[in-house]
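As a plain string of letters, each chain reads:
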Amino acid sequence: MLSTIAFSDLSEQKRWSTSLDAELTAEHRVDQAVDHYLTHMNIPREGLRWRAFSRGVLLDGKSRLGELSDVDTAWTIMPEVSAG
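Residues numbered from 1 in each chain as written. Predicted model: local features only at pLDDT ≥ 70, side-chain atom pairs only at ≥ 80, totals over all residues. Heavy atoms only, no water.

K.L.:
What exactly am I supposed to notice about the environment of threonine 76 here?
P.N.:
By the secondary structure assignment, threonine 76 is in strand E5 (residues 74–79). Classification of threonine 76 by relative accessible area gives partly exposed; the value is 24%. As for threonine 76 and tyrosine 37, which are separated by 39 residues in sequence, their C-alpha atoms are 11 Å apart. Residues contacting threonine 76, with those up to four places away along its chain left out, are Ser8, Asp9, Leu10, Arg51, Ala52 and Phe53. (Helix = DSSP H or I, 4+ residues; strand = E, 2+ residues; numbered from the N terminus. Buried < 20%, exposed > 50% of the residue type's maximum accessible area, 1.4 Å probe, protein only. Contact = heavy atoms within 4.5 Å.)

Given below as structure tokens:
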């Protein structure tokens, strides 16, 4: 189970980390953790859906943090975009 999560944007200019049970708990969902990061870093949502990736793999937004593997400790947060 995760004990800490390190968040960063795609450019790695906005980094932040937290331990579970500090601001987030094992019961929070991935999408709630993403929202928490965006709020904490004052990143505007601009009407976009933001997603979390760990090790290059999209994390399921509905997964609880307590369900994630302990290797998924570094997340890249980026908006979902579509071409056209």
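Next comes the rest of the account.
K.L.:
How should the side chain of serine 8 be read in this particular structure?
P.N.:
You can see serine 8 is positioned in strand E1 (residues 4–9). The residues contacting serine 8, other than those within four sequence positions of it, are Lys14, Arg15, Tyr37, Trp75, Thr76 and Ile77.

K.L.:
For this particular structure, what's the right way to read the packing of aromatic side chains?
P.N.:
Aromatic ring pairs are defined here through the distance separating the ring centres and the angle between the ring planes. In this structure the tally under the stated criterion is three aromatic pairs. A centroid spacing of 5.3 Å and a plane angle of 20 degrees characterise the contact between phenylalanine 7 and tryptophan 16, whose relative ring orientation is stacked. Judged by relative accessible area, which is 2%, phenylalanine 7 ranks as buried. Ring centres 5.3 Å apart and planes at 75 degrees place the aromatic pair phenylalanine 7 and tryptophan 75 in the edge-to-face group. You can see phenylalanine 7 sitting in strand E1 and its partner tryptophan 75 sitting in strand E5, a full 68 residues away along the chain. Each member of the pair, phenylalanine 7 together with tryptophan 75, is buried. One aromatic cluster in this structure is built from Phe7, Trp16, Tyr37 and Trp75. (Phe/Tyr/Trp six-rings, centres within 6.5 Å; stacked < 30°, edge-to-face > 60°.)

K.L.:
Hey, could you run me through the nonpolar core in this one?
P.N.:
The tendency in soluble globular proteins is for nonpolar side chains to be buried as a group. Judged by nonpolar contacts, the single largest core of 20 residues is most densely connected at Phe7, Val30, Tyr37, Leu65, Trp75 and Ile77. When residues of this core are traced back to their parent elements, those giving at least two are E1, helix H1 (30–40), strand E3 (50–54) and E5. No other element matches H1, which puts five residues into this core. Residues in contact with leucine 65, not counting those within four places in the same chain, are Leu2, Ile5, Leu20, Leu24, Thr25, Ala26, His28, Arg29, Val30, Ala33 and Trp75. (Core = buried A, V, L, I, M, F, W, Y, C linked by side-chain atoms within 4.5 Å.)

K.L.:
Where do I start with the pattern of salt bridges in this structure?
P.N.:
Opposite charge on two side chains allows them to pair when their charged atoms are near. Going through the model one piece at a time under the given rule, you end up with six salt bridges. Note that glutamate 27 is salt-bridged to arginine 64, the shortest N-O span being 4.0 Å. Residue glutamate 27 is located in the loop between strand E2 (15–19) and H1, and its partner arginine 64 is located in the loop between strand E4 (57–58) and E5; the two are separated by 37 residues in the primary sequence. The exposure class of glutamate 27 is exposed, given its relative accessible area of 55%. (Salt bridge = Lys/Arg side-chain N within 4 Å of Asp/Glu carboxyl O.)

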